[in-house]
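Secondary and tertiary structure notes
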Amino acid sequence: NAGVMQNPRHLVRRRGQEARLRCSPMKGHSHVYWYRQLPEEGLKFMVYLQKENIIDESGMPKERFSAEFPKEGPSILRIQQVVRGDSAAYFCASSPSPQPADTQYFGPGTRLTVL
Amino acid sequence: EDQVTQSPEALRLQEGESSSLNCSYTVSGLRGLFWYRQDPGKGPEFLFTLYSAGEEKEKERLKATLTKKESFLHITAPKPEDSATYLCAVQAGGGAQKLVFGQGTRLTINP
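Everything numeric in this text was worked out from a predicted model, so none of it was measured.

**Notes on the state of the cysteines**
Residue and element names in this part refer to chain B. Evaluation of the coordinates by the stated rule reveals two disulfides over all chains. Between the sulfur of Cys-23 and that of Cys-88 lies a disulfide, 1.9 Å long from S to S. Every disulfide takes its handedness from the sign of the S-S torsion; for Cys-23 and Cys-88 that torsion is -60°, giving left-handed. Of this pair, Cys-23 sits in strand β3 (residues 19–26) while Cys-88 sits in strand β9 (residues 84–92), and the two are 65 residues apart along the sequence. For the pair Cys-23 and Cys-88, a shared accessibility class is recorded, and that class is buried.

See the structure below:
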């Protein structure tokens, strides 16, 4: 049973370009979460999505960041006009349901470097 | 605001030397406390979920316990392959699904 898949694993962008990070949840999971890990910092929640719905985006920066989880295909985290401060590891997690304390399983992450 | 503090930041042990990692938390209505292991360059790997004070869970050389204010991850007779960063996270009540993570404890086991 394949785990959470993320691609690309490494992404290099120049300032001002767009970054698109993809996440395919575990089989049977319909809930996706995005977290960001800045250098020397802990994991920070960004957004929680179900198919075609954003449920909680309280951790998402107000500008340049967006996320979607379409009916078909992976979840996408999109960062427009990237800046050096966006350099971080971005992790996706999935769970089978939103039941209380349902385990979130993490993917390997996408390491974004902004030059 | 929900907060998680882990200590120590880093811990270096000799192989076979048992110890404990601490996770202190303040949260409005705990739904679950999670322990993950993270190796360099990889995503967090799930270890345990604890739901209520007094609960304990074990897996190989690891044992997690929970009180109303903190959780401990006890590691017994560790091996070099137990070297990793151990992350603690809480999920609060009120319907929020997000996990709030601590900074982690970087554990190194020397042979």
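**A look at the packing of aromatic side chains**
All chains considered together, the criterion is met by nine aromatic pairs over all chains. Where Phe-106 of chain A meets Tyr-36 of chain B, the ring centres are 5.3 Å apart and the plane angle is 90°; that geometry is what we call edge-to-face. Linking Phe-106 of chain A in strand β10 (residues 105–106) with Tyr-36 of chain B in strand β4 (residues 30–38), this pair reaches from one chain into another. The buried category is assigned to Phe-106 of chain A, whose relative accessible area is 11%. Ring centres of Tyr-36 of chain B and Phe-46 of chain B lie 5.9 Å apart, and the angle between their planes is 70°; this geometry places the pair in the edge-to-face category. Highlighted residues: Tyr-36 of chain B in strand β4 and Phe-46 of chain B in strand β5 (residues 45–50), separated in sequence by ten residues. Given a relative accessible area of 0%, Tyr-36 of chain B falls into the buried group. Through a chain of ring-to-ring contacts, the aromatic side chains of Tyr-35, Phe-45, Tyr-105 and Phe-106 of chain A together with Tyr-36, Phe-46 and Phe-101 of chain B assemble into a single cluster.

**Observations regarding the sheet that holds strand β7 (residues 65–68) of chain A**
Residues and elements named next belong to chain A. Strand order in the open sheet formed by four strands is β1-β3-β8-β7, with antiparallel pairing between adjacent strands. One side of each edge strand has no neighbouring strand; the edge strands of this open sheet are β1 (5–7) and β7. The average undirected angle you get between the axes of adjacent strands in this sheet is 15°. Relative to strand β3 (residues 19–24), β1 is paired through three bridges, and the arrangement is antiparallel. Note that in β3 the partner of Met-5 across the bridge is Ser-24.

**Observations concerning the layout of surface pockets**
Approximately 630 Å³ is the volume attributed to the largest pocket. What lines the largest pocket is a set of 24 residues, and nearest its centre among them are Gln-37, Glu-40 and Glu-41 of chain A together with Gln-38 and Thr-85 of chain B. Secondary-structure elements contributing two or more residues to the lining of the largest pocket are β9 (88–95) of chain A together with β9 and β11 (105–110) of chain B. By volume, the second largest pocket is sized at about 340 Å³. Lining the second largest pocket are 16 residues, and of these Lys-44 of chain A together with Glu-1, Asp-2, Val-100 and Phe-101 of chain B lie nearest its centre. Tallied by class, the residues present in the lining of the second largest pocket amount to six nonpolar, six polar and four charged.

Cut-offs used in this document
Residues numbered from 1 in each chain as written. Chains lettered and ligands numbered in written order. Predicted model: local features only at pLDDT ≥ 70, side-chain atom pairs only at ≥ 80, totals over all residues. Heavy atoms only, no water. Disulfide = S-S within 2.5 Å. Helix = DSSP H or I, 4+ residues; strand = E, 2+ residues; numbered from the N terminus. Buried < 20%, exposed > 50% of the residue type's maximum accessible area, 1.4 Å probe, protein only. Phe/Tyr/Trp six-rings, centres within 6.5 Å; stacked < 30°, edge-to-face > 60°. Pairing = 2+ DSSP bridges. Axes fitted to C-alpha atoms, helices over the stretch in contact; angles between N-to-C directions. 1 Å grid on protein atoms, 1.4 Å probe; cavity = no way out; pocket = protein on both sides within 12 Å on 5 of 7 lines; lining within 4 Å. Points joined across faces, edges and corners; volume = space filled by probe spheres on them. Nonpolar A, V, L, I, M, F, W, Y, C, P; charged D, E, K, R; others polar.

Taken by themselves, the reported measurements are silent on function.
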